Each structure stands twice: as structure tokens, then as C-alpha cells.
Amino acid sequence: MAAHLKKRVYEEFTKVVQISHEEAPAKKLRLSKPSKSASLHIDLCKAACSTDALQYLLQFARRSVEAESVEGVIRILLEHYYKETDSSVRLKIASLIGLLSKTPGFRPDCIVEDTINTLNNEKSHQVLAQLLHSLLLIGSQLVDTPSVRQRLVHVSCQHLSDTYFGVRNNCLQLLGCVGLTSCDPPLDNVAATGGLKDVQNIISDYFGDQDPRVRTAALKAMLQLHDRGMTIQQDIYEQACRLLSDDYEQVRSAAVQMVWVLSQLYPESIVPIPSSNEEIRLVDDAFGKISHMVSDGSWMVRVQAAKTLGNMLQVSPHFLEQTLDKKLMSDLRRKRTAHERAKELFASGEFSSGRKWADDAPKEKLDTNTVNLMASGACGAFVHGLEDEMFEVRIAAVEALCQLARSSASFAEKCLDFLVDMFNDEIEEVRLQSIHVLREISTHITLREDQLDTVLAVLEDSSRDIREALHELLCYTNVSTKECIQLALLELLKNLNKYPTDRNSVWKCLKFMGERHPNLVLPLVPELLSTHPYFDTPEPDMDDPAYIAVLVLVFNAAQSCPTMPALFSVHTFRHYAYLRDSLSHLVPLLTLPGRKQPYCLDAVGSASASASVEATQVFLQQSLLRVENIQNLEAAGAQDLLNLTIRDLQRAGELQTELAGAADFCATYLHCQLLLSQALQEKLWKTAVPLCLKQNNTATQAAQQMVEETFRLEFLYSGLESRQMAALHHVRLQARALQLLLSARTRHSLDTLGSRYDCFLMDIDYFQRLFVSELPHLKDTFVDQVLDLRPRLSSCGPVEVVKLLQSTLRQSALLLPTLPPQIQKATATIIEPTGESDNPLRFTSGLVVALDIDATLEHVQDPQNTVKVQVQYPDGQSHLIHPKPADFRRPGPTRHRLITQVYLSHTAWTEPCQISVRLLLAYSSSAPGGAESEGPQSDIEGTIPFSRPVKVFIMPKPTRR
């Protein structure tokens, strides 16, 4: 019986029921998240007192809330708001409502009325102010809803009479954010409010509020209306002018902005002068009043006023020039003409008529505070600004002078002395800014000798930035006499002697000075070159940077002065030929008498320069088309054709610098194809591995070089389009396939081969996802054939895969990229150190020595994060130094300057040796196992050399014991 029962139990529990796939019900999973509003409601219900509720609200404020849960959370908050008696809890609830309304994806129009209803019974002024601030946050997101705007305007007007300044502040801000003007459609509830005045009039009524914070808020609300495109009424001008003398500095600062806005809206309007029968343009009157604020007691207001003056370009010239003179003009009276004075004398009679008492008495003493055409503070406003004790005010005054001087040549000449005086300022930032300003207005000015003397004194400054800025200023400034040229040359040579690292900057400065002043340099040539009409003078040393500087000045002046070469001595012509080859960017082509000249670009030649660029571009296109059908040739012929094309492209890039980037890109790409062709030779793959070990190593190196070249093409060139990027990744895939084939020939283990095969399949999938739009343009290429074989590759074994990939690599067509229109190659030129010095840097071993690095970077994207300095020692050690972001400067849109110091250290050496210094470009590329795939994140990182290495002699000396 027991055995029978045991058997029956087993039968019941081991019974198998098969259900067809069609009948099996699909299991549905529902993922539910805990409700934020429910948890908040539970927490608030658990609160035993107001302190507990406040703690729960503070904890809830730190959590994130989804957009779909915001409305429910706000309902719970409002429900607890009406139950709460503690004003601090209600204040926190009001704050949370404003924060939750800014949740991305949530539109707060559904909570507007509920939030407004909380204002009705609120007794606490602080809570009321916070509720209005929350309505301000809500209204800023619902500006496109007219009904909500009307409702918020009505609420603001209702609470503007509150005694608490915070409530009035938020009401005014709300009016500025959503306020309606007379041009808007009328409100629906005008009858209920007893007639609503224009918003601008409502706000302007609070310009005279007793609380300065409310006055500031009213001015800012009016400025916000202007920013929203509403036209401010001219009637507000008088009120804004009165606020310029307010006791509160923030009111005065906002009033300065308001006066400036009105001066730009109504510049030609006529306004009366107080206590006078005269009238004046509004922009001139506003200019005078803002100029008076440059002498304000608050430095922040002075900065604001000085910056504002620079934007008032429509002011009359005589008002503008008065800001540079501290003397009051015309006793502040308008001078009457002789005709007007004679007419008045005739009308009054020569003697007193006696009908009016004391009609012939002398006039009263003039009161300058009652009769003025211009506020007395405006006289010499910029003089006060440039002499201010705060350097921020001085910088603002210098910038304002620059903006006004650029639009007026006469004003630029008058303010020249004041700007030159700023070169002696005690703050480096002020000195640098004044140099930049003088550079911007250099087209309007000519320096006198006394002014130039003050300017050149800055060359003694220890700051490299200031010295180079002054060199840049001298490049574009005109001087008046030959003594100025002589003085400038003497000071620049002193600068060169004191700071040898400024060599290139000084040479460039003298180049432009010679071009701008050929007639002033001409009488100085015999003295500069030390020539004599009867006696031979010794030949100067060509290694002297000072002599090279003099020659650069003279040769650039000779370009526009055909009589100057007659003053040259014999050795000067030899030195010209030498400098023309070594410093061609500083020495121009000259037409020298009695000498065969190379082709010179004159006006006709420069006009044909663009044609030469077009011809070179056509040549590049033809060179790419020439190798399009290279697979139809034999291996030897194909390689010869690639070699010739690469050589032609490299030479074309050297001759035409404008297309050097495109030519180098195409040459490097074709070199990758040449490496692939050499690695796929028949002889290599038909011979056993032990018999062709050398050829196998050559193929391995070629595959690795192809991968490196593709990264170099991807990150060293800018302006690449999607078509060129697809071609680069295609070459990288071919290199990966070649590496897979070579690993199979070297008889790796099946596990290693299988892992490499899986990585290759991931590369294929990554390419397909990344360049899905470019796949139609890749017909008959390696990727196209591999994607066709993709199902077969996933099912067959590694041995068959190797055979398929080998035949596919041989039969695939060559993919040529289209010539990119705007491609630029990142380059770097190390200026310092030059690598020419034979004197080693000596230092004690174990300690450090600083090596100055000065380099120019062209077309480098984000140099602060990608550029590194590599130092390689003779023993093979290599160090990478990441420069600080402050070491980079940007003199042009595509050019950067790196000025930094590298610290070197080593153990003692027996004799001086050379170290190699060069710049590297770091890159990081997402691998197929990155973010787009299911695998872990992995990046391929590396560096690309993009500057020539510079050799520097160093000598670590042993320590003395």
C-alpha cells in the first residue's frame, strides 16, 4: 500500500503538460514606482509638530521629482498649507511650490489658480512675498498664455499697497515679467478693478517709494519691460534723472541704465534745461548726467557710469570733448551774438527810463548750480575716471574711451595723451588694457616724440604679455619724425638685449615699422648700416640678433623706397640673400639694381595667386582620380603609381601652403593603401611561416602603422566631413582584418584567435552603427563585402573566417575619400628653445632647472586639454608635461600661443648631452565596446607628435660634498 501510494505521488508530481506556443499567455510585467505625493503625505501626517513638518519638507527638497508627479506633490503641499499654523512651514511650502514649478517637462498652468488662492487669507508678509515669488517663477514659464498674464497682473496690482517691502518688490518684478502695456489687448477684468492704468505708469509710481529696495525693483522692472521689446515712454526720463541723486547706490546704478535706455530710444528729442530758456538734445543731456555719475561716491556706480558712456555714440562732439577738460565752458552760459546784444540794447534804450525800479542795476552774481548747459561733473568726466582710486573704474574709463574714439577721429586725437599716460599705471591689467585700446584706435592717431617716449618706457616691464602687446601696438602705429624711428629702434634693441626671448616679437615689430615708414627710415640708413662714402667699414656679425633687427627694418622700408638699395654696401647684399632664405617671413623680395631677381609677386602676381590655388586644387582632384582604378593594375605597377602620386601630393602641399592640409591628408591616406598593398603580396601568403619570418614582421609593422596613421588623420586634421571619417574607419577595419590574418598565420591558440575574431566582429557592428548613412556610398568596398558575409562569418569557424577575410581583402575596391573643402592640419612650431646654442644648461644633479618653452599652435582644437610637452633624455627616459591652462594665449581665431616652463632633472653626467623636446597632441577614441554597445566602456588613448623635436644641451653636475 505504501509502495503504491509512493508511486502515485511520483506520478502526480512528475506529470508533464505541453502547451503549444500559440496558446501560452504572454506574461506582462508592470514596473511601478512609489508615489512621491503619497510618501510626502505620509510624512506630513506623521509630523507631531511644526518642527517635524519643517524637517520633512527640508528632506523632501533634496529629492528629485518626476514631471508627472509634480502636480500631485503640489496638491499635497497646498492641502497641508491650509492646515499649518506656523508661518515658517508655510514659507517653506511656498518656496517648494516655486522650485517644483521649474521641473523640466512640467507646465505649471494647472496650479496657477490654486497658488493665487493661497494669497487671500495669508497674514504673514514674508510668506506672502514668497508666494508672489513663486508666482513670478510660474509666470516666467507661461509668458505665452494671455489669460495667465492677465490674472497675474491683477494679483500684482492688488498687493502693491502692502506695507512690507518684499511684497512690493515681488509684485513689481512680476509686473516686469508678465506686465501688459497699452499696445496689448484690454484685460477682461478691467471693470472689476475699477479701471487699470497702464503697467508702465503703475511701475513708475513706485520710483518715489520710501524704501530704496522698492525703488530699485521698480527701475529693474521697467528695464525688464524694455528687454521684452516694449517701448518705454519718454515721460519717465525726468523721474529717472531725479533718481540719479538718490541716497542708495543700487538705485543710482539702475537709474544710470534707465537714462541710457531712454537716450537710445529718443536721442533727438528736445528737453529744456532747468532754470534756463535753453533746450538741448535728450542724448546730450543724458550724456552730461551720466558723466556726472563718474564722480559718484560708490565705485560700483562709477564703473557702471563709465561703461555706459562708451555706448553713447550719438552724443554731440562738443559735449564729448568737454569730458576731457576740467575747465567749465563759457561760465555755463550760452554766448549771445552781437546782433542779439544790439537788439536788446535798442529795445531797452541807452539810459534808464525810470518806469521800473532798478532796471539799470548790475546783474546778479551767477549761480553755477542753477544755470548750466551741462552738469559741472561732466566737465572732465573721463579725467576723473582715469584718475580714480579703484582700478576697475580706470579700466572701464579706458574701454569707454576706446569705443568713443573708434567712431570719432578728432576725439581719438584729443584722448591720445590721456591713454598714453595710463601706460604708467600701477596695475598691470590697466596698463595692458590701455595698450590694447591704443592699438584699436591706431588708425586715427600719429605719435609725437614725447608720447612715444612714454610708450617705449613700458618695454622695461617685466611682464611678457605687456611687452608683446606693446610690440603689437608699434606694428600698427604711425610716428611723426625720423627721430621717433631712431628712438623706437634704440629702445627695441635694449629690450632685445635685456629679454632675448622677445627676439621674434621685436623682429616682427620692426618689420611692420619699416613697411609703414619708408621715408623716415631712408635718411637713417647710413647710420643704421654704419656705411661711409670713402672708407670701408667692418662687416657686422650675422649671428647678432640686434644686427638682424636693423636689417629687417631697412629691408622692409626698401620695399617701398627704390632709392634705398643704392646706399647698401657689398656685404649688405650678401646678408639680404642669406636672410631672404632663412627668415623669408620677415624679409620681403626686393628689386635690387644689377642683380638677377627671382619671380616677384607684384599686383598682377598677387591677383593670380587665387588662380594658382584653384589650379593646385584641380591637380589634387586629378591625382585622386588617377588611382581610382588601381586594382586593375598588377601589384608592382599599382605600388609604383601610389608612390608617384604620394610624392606629387607632398610636393604640391609644400608649394601651395593654402592647400597643404588637404594635400598631406590625401598623401597619408594613400600611404595607408600602399602599406596594405605591400602587406598583401602573393609571395608572402604562399610561403610557410618559418620560411618568411622577415616578410611576416614587415606585414605586422605595416598593419600597426596603418592603425596609427588613421588615428593621426582623424585627430590631427580639422574640418573633416562624415564621408572622410567613414573612409578613415574603413582603412582601420582593413588594418584590423590584416592583424587578424597575421595572428592566424603565427599559430596562436584558438582561444586567442577567437577573442580577436570577436573584437573584429564588434568593429564591424560599430562601423555599421556609426556610418549607417554612408553605407550606400561604400559599394564593392571591403566593408560592403564583409557586411554581406556577416551571417556566414558568425556561423563558421576561425579557419574558414581567415580564408574569407583574405580573399575579401584582395578583391575589395579602393575607397577614395572626396577632397574636403575646408580641411586644416594642426601644426606646432617651437620658437624657444631654438636648439642652436652650444652652451649647455648646467645644474646640480638631483635638483631642477627651468627650460622656457615658447611655441605657436595652428588649428588646434581645445589645446588646454590636448597639448602636452614631451621631454626625452639620452638614456631613453621620457616625461610628459601637461601645461597649465593659463599658459595658453589666443592671438587669433585659429592660432594659440604656448608660453610655459618645463622643469628638468637628472642624475650626474660625465659630459653634456642633448635632450629632445617636442609637442604632442593627445587623443581619446571610443572603442566598439564603449557606450553605444552592451560591453564595458573602453577608450583608446594615445598621443601624436605634431612638432619637430628641438635638441637642447644640458649638463647635470655632481653634487659637492
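Residues numbered from 1 in each chain as written. Predicted model: local features only at pLDDT ≥ 70, side-chain atom pairs only at ≥ 80, totals over all residues. Heavy atoms only, no water.

A word on the overall build of the protein
When you go through the protein residue by residue, the secondary structure sums to 43 helices and 16 strands. For the protein, with 961 residues in total, the buried portion stands at 47%. Counting only contacts in the protein whose residues sit at least 6 apart along the sequence, the fraction spanning at least 24 positions is 72%. Entry remark: accessible area of the protein is about 51,000 Å², with carbon and sulfur atoms responsible for 52%. (Helix = DSSP H or I, 4+ residues; strand = E, 2+ residues; numbered from the N terminus. Buried < 20%, exposed > 50% of the residue type's maximum accessible area, 1.4 Å probe, protein only. Contact = heavy atoms within 4.5 Å. Areas by Shrake-Rupley, 256 points an atom, 1.4 Å probe, with all protein chains shown as cover.)

Structural notes on the pattern of salt bridges
For the structure on display, the rule yields 37 salt bridges. Here Asp-664 ties to Lys-825 by a salt bridge, and the two come within 3.7 Å at their closest N and O atoms. With Asp-664 in helix H35 (residues 660-679) and Lys-825 in strand E6 (residues 824-825), this residue pair connects regions lying 161 residues apart in the sequence. Connected through shared salt-bridge partners, Arg-464, Glu-468, Asp-854 and Arg-897 make up one network. (Salt bridge = Lys/Arg side-chain N within 4 Å of Asp/Glu carboxyl O.)

Brief notes about a negative patch on the surface
Taken together, the side chains of Asp-541, Asp-543, Asp-544 and Glu-836 make up a negatively charged region of the molecular surface. For Asp-541, the location among the structural elements is in the loop between helix H29 (525-529) and helix H30 (545-558). (Patch = residues over 30% accessible without salt bridge, like charges linked within 9 Å, V, L, I, M, F, W, Y side chains within 5 Å. Lys, Arg positive; Asp, Glu negative; His and termini not counted. Charge placed at Lys NZ, Arg CZ, Asp CG, Glu CD.)

A look at the sheet that holds strand E7 (residues 827-832)
Spatially, the four strands line up as an open sheet ordered E7-E9-E13-E12, and their pairing is antiparallel. Strands at the two margins of the open sheet, each flanked by one partner only, are E7 and strand E12 (888-889). Pairing geometry for strand E9 (residues 849-858) and strand E13 (residues 895-904), over ten bridges, is antiparallel. Directly across from Ala-850, in E13, lies its bridge partner Tyr-903. Sitting on the sheet, helix H25 (residues 464-475) is in contact with E9, E12 and E13, with an inclination near 145° to E13. (Pairing = 2+ DSSP bridges. Axes fitted to C-alpha atoms, helices over the stretch in contact; angles between N-to-C directions.)

Structural notes on the confidence of the model for the protein
Looking at the protein, pLDDT values average 79 and 81% of them are 70 or higher. Per-element confidence in the protein ranges from a low mean pLDDT of 38 for helix H10 (residues 190-193) to a high of 93 for H30. In this model, residues 1-17 is a region of pLDDT below 50 whose contacts with residues beyond four sequence positions or in other chains number zero contacts. Note on residues 929-937: pLDDT under 50 across the span, and 15 contacts to partners over four residues away in sequence or across chains. (pLDDT = per-residue confidence, 0-100.)

A word on the packing of aromatic side chains
Enumeration according to the criterion identifies eleven aromatic pairs in this entry. A centroid spacing of 5.6 Å and a plane angle of 85° characterise the contact between Tyr-81 and Tyr-82, whose relative ring orientation is edge-to-face. Plain terms: the ring middles of Phe-555 and Tyr-576 are 5.3 Å apart, the flat faces sit at 80° to each other, and that makes the pair edge-to-face. Taken together, the residues Phe-555 in helix H30 and Tyr-576 in helix H31 (residues 570-582) connect sequence positions 21 residues apart. Phe-555 gets classed as buried once you look at its relative accessible area, which sits at 1%. Judged by its relative accessible area of 8%, Tyr-576 falls in the buried class. Positioned above the aromatic ring of Phe-165, the side-chain terminus of Arg-213 is 3.5 Å from the ring centre. Of note, Arg-732 hangs over the ring of Phe-711, and the distance from its end group to the ring centre comes to 3.9 Å. (Phe/Tyr/Trp six-rings, centres within 6.5 Å; stacked < 30°, edge-to-face > 60°. Lys NZ or Arg CZ within 6 Å of the ring centre and 35° of its normal.)

Focus on the packing of helix H15 (residues 282-292) against helix H16 (residues 299-309)
Contact geometry for H15 and H16: axes closest at 9 Å, N-to-C directions at 150°. As summarised for this structure, H15 and H16 are arranged roughly antiparallel, according to the angle between their axes. By crossing handedness, the relation of H15 to H16 is classed as left-handed. Residues Phe-287, Ile-290 and Ser-291 of H15 form the contact with H16, whose participating residues are Ala-305, Thr-308 and Leu-309. Within the contact of H15 with H16, the residues separate by chemical class into four nonpolar, two polar and no charged. (Parallel < 35°, antiparallel > 145°, perpendicular 65-115°, else oblique. Left-handed = near helix turned anticlockwise from the far one by under 90°. Nonpolar A, V, L, I, M, F, W, Y, C, P; charged D, E, K, R; others polar.)

Considerations on unusual backbone geometry
In this chain, Glu-832 is followed by Pro-833 through a cis amide linkage whose omega measures 0°. Relative to the elements of secondary structure, Pro-833 occurs in the loop between E7 and strand E8 (841-844). Although it is not a glycine, Ser-530 adopts a positive phi angle of roughly 55°. Assignment of secondary structure puts Ser-530 in the loop between H29 and H30. Its identity as a non-glycine residue notwithstanding, Asp-862 has a phi of 50°, on the positive side. Positionally, Asp-862 belongs in the loop between E9 and helix H43 (863-866).

Here we look at the side chain of Asp-296
Tracing the sequence through the fold places Asp-296 in the loop between H15 and H16. Given a relative accessible area of 12%, Asp-296 falls into the buried group. Side-chain polar atoms of Asp-296 contact the side chain of Arg-252, separated by 2.8 Å. When residues no more than four places from it in sequence are discounted, the contact partners of Asp-296 are Arg-252, Val-301 and Arg-302. (Polar contact = N/O pair within 3.5 Å; in protein donor to acceptor, adjacent residues only side chain to side chain.)

Points about the environment of Glu-774
With respect to the helices and strands, the residue Glu-774 is situated in the loop between helix H39 (750-770) and helix H40 (782-788). Classification of Glu-774 as buried rests on a relative accessible area of 9%. Setting aside its immediate chain neighbours within four residues, Glu-774 contacts Ser-722, Arg-723 and Ala-726.

Section: the packing of H25 against helix H27 (residues 503-516)
A pair of packed helices is characterised by two quantities: the angle between their axes and the separation of those axes. In the contact formed by H25 and H27, the axes pass within 8 Å of each other and the chain directions differ by 15°. Between H25 and H27, the angle falls in the class roughly parallel. Both H25 and H27 take part in a crossing whose hand is left-handed. Contacts between H25 and H27 involve Glu-468, His-471, Glu-472, Leu-474 and Cys-475 from the former and Ser-505, Val-506, Lys-508, Cys-509, Phe-512, Met-513 and Arg-516 from the latter. Residues belonging to the contact of H25 with H27 are distributed by class as follows: six nonpolar, two polar and four charged.

Details of the environment of Leu-456
For Leu-456, the position within the fold is in helix H24 (residues 449-456). Considering only alpha carbons, one finds Leu-456 and His-471, 15 residues apart in sequence, at a separation of 9.5 Å. Residues contacting Leu-456, with those up to four places away along its chain left out, are Leu-470, Leu-474, Leu-487, Ala-488 and Glu-491.

Quick notes on the side chain of Thr-115
Relative to the helices and strands, Thr-115 resides in helix H6 (residues 112-117). Overall, Thr-115 belongs to the buried group, its relative accessible area being 1%. A distance of 2.7 Å separates a polar atom in the side chain of Thr-115 from the backbone oxygen of Ile-111. Setting aside anything within four residues of it in sequence, one finds Thr-115 in contact with Ile-97, Leu-135 and Ile-138.

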